[in-house]
Amino acid sequence: MARFRLSETPFDVASLRAELLDARVGGYASFEGWVRDHNDSRPVEGLRYEAYAALAETEGERILAEACARFDILDARCVHRTGDLALGELAVWVGVAAAHRDAAFAACRFVIDEVKARVPIWKHERYVGGAADWLHPGI
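Residues numbered from 1 in each chain as written. Predicted model: local features only at pLDDT ≥ 70, side-chain atom pairs only at ≥ 80, totals over all residues. Heavy atoms only, no water.

**Regarding the pattern of salt bridges**
At step 1: Within the structure shown, the criterion is met by 16 salt bridges.
At step 2: Ionic pairing is found between Arg48 and Glu50, a salt bridge with its closest N-O pair at 3.1 Å.
At step 3: Its relative accessible area of 29% is what places Arg48 among the partly exposed residues.
At step 4: Classification of Glu50 by relative accessible area gives partly exposed; the value is 34%.
At step 5: A salt bridge links Glu114 to Arg118; its shortest N-O distance comes to 3.0 Å. Here Glu114 and its partner Arg118 are both found in helix H3 (residues 101–118), 4 residues apart, which amounts to about one turn of the helix.
At step 6: According to the relative accessible area criterion, Glu114 is partly exposed, its value standing at 21%.
At step 7: A single network of salt bridges, built from pairs that share partners, joins Arg3, Arg5, Glu19, Asp75 and Arg77. (Salt bridge = Lys/Arg side-chain N within 4 Å of Asp/Glu carboxyl O. Buried < 20%, exposed > 50% of the residue type's maximum accessible area, 1.4 Å probe, protein only. Helix = DSSP H or I, 4+ residues; strand = E, 2+ residues; numbered from the N terminus.)

Structure follows, in structure tokens:
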């Protein structure tokens, strides 16, 4: 089963979390990133994510494998949306299961930071008034 996925449609966080359930798990940490109504003091009305899918999935899997090797965790997952998203929509989710909370928190932070820095997903923000900008994945 893939640990990293792209999704063109909204996804259910509860079913993703269920994939991480295990009797050995004592700690779970997650991160949810939503589309907000502003960026750099500019009012945002929506956005579009585009990805180089094959490379994004490969690099996302690599990041999750690194997290599993680097931190004392049992498993991790990440799903990132592509396509048009409205304000308030869930754009990215990370879930990490571990025996203890410290490892789960640290690995969760590592995964989202690395996904934003390394995975080829670009954000096209649409601003109130009609302007729009492409943003680098690390922004």
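Here the narrative resumes.
**Here's the deal with the pairing of strand S4 (residues 42–51)**
Within a regular strand, side chains alternate between the sheet's two faces.
At step 1: Examined bridge by bridge, strand S3 (residues 38–39) and S4 share 2 bridges and lie antiparallel to one another. When the sheet's bridge partners are listed, His38 is paired in S4 with Pro43.
At step 2: Remark: 2 residues form the turn of the hairpin made by S3 and S4, two consecutive strands paired antiparallel; Asp40 in that turn has positive phi of roughly 50°.
At step 3: Two strands pair when backbone bridges link them, and S4 and strand S8 (residues 121–127) are joined in this way by 7 bridges, in the antiparallel orientation. Bridge pairing in S8 links Tyr49 to Lys123.
At step 4: Where S4 meets strand S6 (residues 83–85), 3 bridges bridge the pair, whose relative direction is antiparallel. Bridge assignment links Leu47 to a residue of S6, and that residue is Leu85. (Pairing = 2+ DSSP bridges.)

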